[in-house]
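Examining the three-dimensional arrangement
The chain contents come next:
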Amino acid sequence: MDRWLRPLPSQAVTFVPVTAPALAPSPPAPEAAAGPLDCSVEASFDNNVYPSLLLSLAAADPEYSRCVTVMVKNAVKGRTYQIAVQSPLLESPSVTTTMATSDHFEVRPALAWNFTALRGVTQLQPANLNATATTDTESATGLATCMIHPVNEAVSRILDPTTNEWVDLSVCFAAYVNEDHPWINQILQEASSRDGVARFSGYELGADSVVRQMRAVWDALAARGLTYVDLATTSSAVSGVSTQYVRFLDQSVRDQGANCVDASVLFASIFRRIGLRPVLIFRPGHCFVAVYDAAQGGQLIAVEPTLLSSAPFGSAFFMGSQELTSTLPHLDTPGFSSVDIAVARQSGIRPIEYLP
């Protein structure tokens, strides 16, 4: 810097005529917008929000929390826009700053969902989504009314519009398995007093002990009078989404009724609490539960949960074995899947919290 600011030494000066350089062309003025700024907003699945998806998968895969799209039209390319989204279902408004790359762009912001509010949704209900696109000179607002589905409505499959193929999401059911549920302690006390199990020791005493512990839990739940109730209908059908109504553990115990999924979730919750490794197994129109005979995996021991009110453990064990034999060869084909709860937990899927 100093060499450029220092005066030049005195010397004769010769003037040389210089042709002025041509001026660089001015940058083109920004193109005018085709019309007034326009902003609209929509949620996935034709404005249907499923708390079960957000509660089960948002922590494991944050992309599932980005289920709202804000669309801006008549934008000016190169101009900066601030996109804000507000809803009663959010902990706080979401604000995103982005530069328009064309006159029409979309934003899928990361949203701070209010998970406590989502957990408390027990019936289909509407909720508003408000979006605002703002610049230094103008703003536009969009509104969408979404249907918020009950938390008990678990999403089992979604249709991928790009491939027109169904994507299996049965892993969501792992969130309904709650090994931390406070009601389990009482059930285990009843199981111990009925079947003389000194303690629930998981895999410490081998595979035979695993079966005895499963039998004790079965007998305790059967003594409570739980019956099979085929309740699976949800409140509304949405194109491209397949769902199943699932009771939480306390709902099944309190109502003394459970369908195949409810009962499988109930057993899996208790089995995991006592140190076993449960697996939910799905086949078309049915679900049953099994546990590995060793902590590291191995052979599966299955029971048919729908026999809880009508048959002893031995019959459920026998039928579970038959179902397992006929199901395993088809796993990972359409309609067949398995959810290892331990693997689901490792991937970040946690139990949906119990609300007294």
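About the criteria used
- Residues numbered from 1 in each chain as written.
- Predicted model: local features only at pLDDT ≥ 70, side-chain atom pairs only at ≥ 80, totals over all residues.
- Heavy atoms only, no water.
- Helix = DSSP H or I, 4+ residues; strand = E, 2+ residues; numbered from the N terminus.
- Buried < 20%, exposed > 50% of the residue type's maximum accessible area, 1.4 Å probe, protein only.
- Contact = heavy atoms within 4.5 Å.
- Areas by Shrake-Rupley, 256 points an atom, 1.4 Å probe, with all protein chains shown as cover.
- 1 Å grid on protein atoms, 1.4 Å probe; cavity = no way out; pocket = protein on both sides within 12 Å on 5 of 7 lines; lining within 4 Å.
- Points joined across faces, edges and corners; volume = space filled by probe spheres on them.
- Nonpolar A, V, L, I, M, F, W, Y, C, P; charged D, E, K, R; others polar.
- Disulfide = S-S within 2.5 Å.
- Pairing = 2+ DSSP bridges.
- Axes fitted to C-alpha atoms, helices over the stretch in contact; angles between N-to-C directions.
- Salt bridge = Lys/Arg side-chain N within 4 Å of Asp/Glu carboxyl O.
- Polar contact = N/O pair within 3.5 Å; in protein donor to acceptor, adjacent residues only side chain to side chain.
- Core = buried A, V, L, I, M, F, W, Y, C linked by side-chain atoms within 4.5 Å.
- pLDDT = per-residue confidence, 0-100.
- Expected span 1.5 Å × (residues − 1).

**Remarks on the overall build of the protein chain**
Across its full length, the protein chain holds ten helices and 17 strands. Put simply, the protein chain has 356 residues, and 45% of those count as buried. Pairs at least 24 apart in sequence give 66% of the contacts found in the protein chain among residues at least 6 apart. When the accessible surface of the protein chain is summed, it comes to about 18,500 Å², and 53% of that surface belongs to carbon and sulfur atoms.

**Thoughts on the layout of surface pockets**
There is about 500 Å³ of room inside the largest pocket. Lining of the largest pocket is provided by 27 residues; of these, Ser156, Arg157, Asp168, Phe282 and Gly335 occupy positions nearest its centre. Listing elements by their share of the lining of the largest pocket, those giving two or more residues are strand S9 (153-160), strand S10 (165-168), strand S12 (241-245), helix H8 (260-273), strand S14 (278-283) and strand S15 (286-292). Split by residue class, the lining of the largest pocket holds twelve nonpolar, eleven polar and four charged. One number sums up the size of the second largest pocket: a volume of about 400 Å³. Taken together, 18 residues line the second largest pocket, and the ones lying closest to its centre are Ser44, Phe45, Arg66, Cys67 and Arg108.

**Observations concerning the state of the cysteines**
Using the criterion set out here, one finds zero disulfides in the structure. Cysteine Cys260 is unpaired, with the sulfur of Cys287 as its nearest cysteine sulfur at 5.7 Å. A residue is classified by how much of its surface remains accessible, and Cys287, at 1% relative accessible area, is buried.

**What to know about the environment of Leu300**
Structurally, the position occupied by Leu300 is in strand S16 (residues 300-303). Considering only alpha carbons, one finds Leu300 and Val289, eleven residues apart in sequence, at a separation of 9.6 Å. Beyond its immediate chain neighbours, meaning those up to four positions away, Leu300 contacts Val279, Ile281, Ala290, Val291, Tyr292, Leu324 and Leu328.

**What about the sheet that holds S10?**
Think of a sheet as strands paired side by side through backbone hydrogen bonds, with each pair either parallel or antiparallel. Spatially, S10-S9-S12 is the arrangement adopted by the three strands of the open sheet, whose pairing is antiparallel. In the strand order of this sheet, the two ends are held by S10 and S12, each with one partner. Pairs of neighbouring strands in the sheet enclose a mean axial angle of 25°, with direction left out of account. Note that S9 and S10 share four bridges and pair antiparallel.

**A few points about the environment of Val167**
Tracing the backbone through its elements, the reader meets Val167 in strand S10. Remark: the alpha-carbon pair of Val167 and Pro334, spanning 167 residues in sequence, is separated by 9.2 Å. Not counting residues up to four positions away in its chain, the partners in contact with Val167 are Ser156, Arg157, Ile158 and Asp160.

**Brief notes about the pattern of salt bridges**
Following the criterion strictly, the structure yields eleven salt bridges and no others. For Arg277, the salt bridge identified is with Asp340, shortest N-O distance 2.6 Å. One end of the pair, Arg277, is in the loop between H8 and S14; the other, Asp340, is in strand S17 (residues 337-340), and 63 residues separate them in sequence. The same class applies to Arg277 and to Asp340, which are both buried. Each of the salt bridges in this network shares a partner with another, and the network as a whole consists of Arg247, Asp250, Arg254, Asp255 and Asp262.

**A closer look at unusual backbone geometry**
Look at Gln256: it is not a glycine, yet its phi comes out positive at around 55°. Inspection of the secondary structure puts Gln256 in the loop between helix H7 (249-255) and strand S13 (257-258). Phi at Asp332 is positive, roughly 75°, even though this residue is not glycine.

**Notes on the side chain of Asn114**
Relative to the helices and strands, Asn114 is located in the loop between strand S6 (104-107) and helix H4 (115-119). At 2.9 Å, the side chain of Asn114 forms a polar contact with the backbone nitrogen of Ala117. Aside from chain neighbours lying at most four places away, what touches Asn114 is Leu89, Leu90 and Glu91.

**Topic: the nonpolar core**
In this structure, Met214, Val217 and Leu280 are the most contacted members of the largest nonpolar core, which totals 71 residues. It is H8 that provides the largest number of residues to this core, a total of eight residues. Ignoring anything within four residues of it in the chain, the contact list for Leu280 reads Phe173, Val177, Ser264, Val265, Ala268, Phe288, Val289, Ser337, Ser338, Val339 and Ile341. Val49, Leu54, Cys67 and Leu129 belong to the second-largest nonpolar core, a separate cluster that totals 32 residues.

**Some points on the confidence of the model for the protein chain**
Per-residue confidence for the protein chain gives a mean pLDDT of 89, with 89% of residues at or over 70. Across residues 1-21, confidence stays below pLDDT 50; counting only partners more than four residues off in sequence or on other chains, it has zero contacts.

**Structural notes on H8**
Look at H8: 20 Å from first C-alpha to last across 14 residues, which is about the 20 Å you get at 1.5 Å a residue. In terms of burial, H8 is a largely internal element, twelve of the 14 residues being buried. Among the residues of H8, those classed as buried are Cys260, Val261, Asp262, Ala263, Ser264, Val265, Leu266, Phe267, Ala268, Ser269, Ile270 and Phe271. At the N-terminal end of H8, a side-chain oxygen is found 3.0 Å from the backbone nitrogen of Val261, two or three residues along, and the residue is Asn259. Looking one or two places after H8, you find Gly275, whose phi comes out positive at around 95°.

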